[in-house]
Amino acid sequence: MISLAAVHAYIAVHLISWHVFGIEIWGKTAMMGVPSLAKGWINAASIMVILILLSIFIFGRGFCGWVCHMRGAIEFADWILRKLKVQQYLNVRERNVLVNTQHRWLLRVGALFVLLLPVIILVHNVGFTPRVDVMSPPPVADLPGYEGQAFAKTAPFNFSIQANWHDFLLAFGLAVFIQFTMSVVLNLRYGHGAFCRILCPYATMMVPLMNISPVQSKITRVAQCTGCRDCSNACPQGIDVSREIFHFNGKVINRECIKCYACIDACDDHVLRDTSAPAVAQTDRLKPYEKRPWQQELVRKDGYRTDARHMQVYEPLGPVTDFLSIIVALVAGGISSRFGGFWFYPGAIFAFILFRDAALRSSRQIAKWQGQHKI
Ligand code: SF4
Ligand code: SF4
Ligand code: SF4
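Residues numbered from 1 in each chain as written. Chains lettered and ligands numbered in written order. Predicted model: local features only at pLDDT ≥ 70, side-chain atom pairs only at ≥ 80, totals over all residues. Heavy atoms only, no water.

Moving on, we get to the overall build of the chain. If you tally the helices and strands in the chain, you get 15 helices and eight strands. A compact globule built from 375 residues should have a C-alpha radius of gyration of about 21 Å, and the chain, at 22 Å, falls within 12% of that. Each of the three principal axes of the chain carries a C-alpha extent, and together these read 65 × 60 × 45 Å. When each of the 375 residues of the chain is scored for burial, the buried share is 45%. Taking all contacts inside the chain whose residues are at least 6 apart in sequence as the whole, residues at least 24 apart take part in 74%. In the structure as shown, the chain presents an accessible area of about 19100 Å², 68% of it carried by carbon and sulfur atoms. (Helix = DSSP H or I, 4+ residues; strand = E, 2+ residues; numbered from the N terminus. Rg over C-alpha atoms; globule rule 2.2 N^0.38 Å. Buried < 20%, exposed > 50% of the residue type's maximum accessible area, 1.4 Å probe, protein only. Contact = heavy atoms within 4.5 Å. Areas by Shrake-Rupley, 256 points an atom, 1.4 Å probe, with all protein chains shown as cover.)

In total, this model carries 15 aromatic pairs according to the counting rule given. With a centroid separation of 5.4 Å and an interplanar angle of 65 degrees, the aromatic rings of Phe195 and Tyr345 are classed as edge-to-face. Of this pair, Phe195 sits in helix H9 (residues 194–199) while Tyr345 sits in helix H15 (residues 344–372), and the two are 150 residues apart along the sequence. The class of Tyr345 is buried, set by a relative accessible area of 2%. (Phe/Tyr/Trp six-rings, centres within 6.5 Å; stacked < 30°, edge-to-face > 60°.)

Turning our eyes to something else, we now look at the site of ligand 3. Taken together, Ile219, Cys235, Pro236, Gln237, Val241, Cys257, Ile258, Lys259, Cys260, Tyr261, Ala262 and Cys263 form the complete shell of residues around ligand 3. Classifying every residue of the shell around ligand 3 gives 10 nonpolar, one polar and one charged. (Near = heavy atom within 4 Å. Nonpolar A, V, L, I, M, F, W, Y, C, P; charged D, E, K, R; others polar.)

The next subject is the site of ligand 1. Arg61, Cys64, Cys68, Met70, Arg71, Phe195, Cys196, Cys200 and Tyr202 make up every residue found near ligand 1. Contributions of two or more residues to the shell around ligand 1 are made by helix H5 (69–83) and H9.

Moving on, we come to the nonpolar core. Core analysis: the biggest nonpolar cluster contains 54 residues, and Phe195 and Leu199 have the highest contact counts within it. Tallying contributions element by element places helix H8 (residues 165–190) first for this core, with seven residues. Apart from the residues lying within four places of it in its own chain, the contact partners of Leu199 are Leu107, Arg108, Ala111, Leu186, Ala194, Phe344, Tyr345 and Ile349. If you look at the next biggest cluster of nonpolar residues, it comprises 14 residues, including Ile219, Cys231, Cys257 and Leu272. (Core = buried A, V, L, I, M, F, W, Y, C linked by side-chain atoms within 4.5 Å.)

Among the secondary structure elements, Ser232 is positioned in helix H11 (residues 230–234). At a separation of 3.2 Å, a polar atom in the side chain of Ser232 contacts the main-chain amide nitrogen of Val241. The contact partners of Ser232, leaving out residues within four places of it in the chain, are Ile239, Asp240, Val241, Ser242 and Met311. (Polar contact = N/O pair within 3.5 Å; in protein donor to acceptor, adjacent residues only side chain to side chain.)

This model, assessed by the stated rule, comprises 15 salt bridges. The partner of Glu147 in a salt bridge is Lys153, and the shortest N-O contact between them spans 3.3 Å. Each member of the pair, Glu147 together with Lys153, is exposed. Residues joined in a network through salt bridges with shared partners are Arg189, Glu315, Asp322, Arg356 and Asp357. (Salt bridge = Lys/Arg side-chain N within 4 Å of Asp/Glu carboxyl O.)

Split into domains, the chain comes out as domain 1 (2–206) and domain 2 (217–293). Distance from the C-alpha centre of domain 1 to the C-alpha centre of domain 2: 30 Å. Between domain 1 and domain 2, the contact holds 18 residues from the first and 14 residues from the second. Buried area between domain 1 and domain 2, both sides added, is near 1100 Å², and the carbon and sulfur share of it is 44%. (Domains from an automatic or database assignment. Buried area = accessible area lost by both parts, 1.4 Å probe.)

Another point: helix H14 (residues 319–336). Because an α-helix completes one turn every 3.6 residues, residues spaced three or four positions apart along the sequence face the same direction. With 18 residues, H14 should cover 26 Å at 1.5 Å per step; its first-to-last C-alpha distance of 26 Å lies within 8% of that length. For H14, the set of buried residues is Asp322, Ser325, Ile326, Ala329, Leu330, Gly333 and Ser336. Taken end-on, H14 shows its buried residues confined to a sector of 135 degrees, consistent with a single buried face. The exposed residues of H14 that point more than 90 degrees off its buried face are Val320 and Ile335. (Expected span 1.5 Å × (residues − 1). Arc of directions from axis to C-beta.)

Right, let's talk about the layout of surface pockets for a bit. Here the second largest pocket defines a volume of roughly 1200 Å³. Lining the second largest pocket are 42 residues, with Met32, Pro118, Asp142, Gly340 and Gly341 positioned closest to its centre. Contributions of two or more residues to the lining of the second largest pocket are made by helix H2 (33–39) and helix H7 (104–126). For the lining of the second largest pocket, the element with the highest residue contribution is H7, accounting for nine residues. (1 Å grid on protein atoms, 1.4 Å probe; cavity = no way out; pocket = protein on both sides within 12 Å on 5 of 7 lines; lining within 4 Å. Points joined across faces, edges and corners; volume = space filled by probe spheres on them.)

Of the consecutive residues Ser136 and Pro137, the connecting peptide bond is found in the cis state with omega at -5 degrees. The residue Pro137 is located in the loop between strand E3 (131–132) and H8 in this model. Positive phi values are uncommon outside glycine, yet His270 reaches one of about 50 degrees. Summarising the element assignment, His270 is placed in the loop between helix H13 (262–266) and strand E5 (272–275).

Now the structure itself:
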């Protein structure tokens, strides 16, 4: 948490030093990295993305758990929702209920494609024009208020943002609203860290690089496990840690592990450590876990499909409706992204939630109607 807070302090210092004091250190180091790389532009952002991807070979997805500013926002949202005692969230959080979609990969890959679409069009129209400029783009590029406008130039409507406190707060408020949907709204609806589990396009680049390097550190069993499963029940990514270390030579090999260390903190027996060293052999006898793949589910009476231990819960939506909800989200996100790249997320998230809620309500009503009419 200190590390994630420090990242936000860095962002604040960077913005203030650049825009208030005119100390230009380097350009924007955030989501511009992937589009920059796609355009062949070497800038601070694309260097950061290259470093993040290389770091996977040593630390796994340690960037996610320790450095990602979005993860910081997600953890902050989690803390706020618990402090405010939002009952809906407490119900979810107490049992670590994590709702997911069976087609989450489609959503993530689709999100990456939609966000890169302007670059693909640019490269198609103008050609590949590589260049090196670590000072470009400036830190607030693609955020509300950039170039004195509330939204991107492609937005169907716009208004100017002046250099005064009133307008600064307005632009800041719009940026916070985007963050709010990605962290608070998704956490509330789909459980802790839903953005990382369902939507983050970065994951599509990180996951293929996991478990390649022999020196990559992993969550590892370093003492005798009792099989209590506290670690599994604490994992915000829905990984069955206990089963992983039982079946995979004492290692968590799941590619969704973001190194948040919630499992390490949850284990009172100090069984887990993040290391590339071999695991300690399990000599104490444990009741064997079924070697079911991660997220394979059981069907509950109310139709929800879940692991018995609340690892991941699938909403009772059929595969077609699930698939359609993702298409609806991507189309809505594509439309809203005309207001600026980050506006993809509010459009996609609200469309995703509203469509799925409507589908759930209608399926329940159909079931009720069928029950009443004994169909
Ligand atoms: S999955 Fe995405 S949002 Fe989540 S921590 Fe990793 S990079 Fe950040
Ligand atoms: S690793 Fe620790 S928390 Fe997890 S099942 Fe074993 S003893 Fe329990
Ligand atoms: S709780 Fe453990 S297994 Fe789950 S994401 Fe965090 S570090 Fe990885």
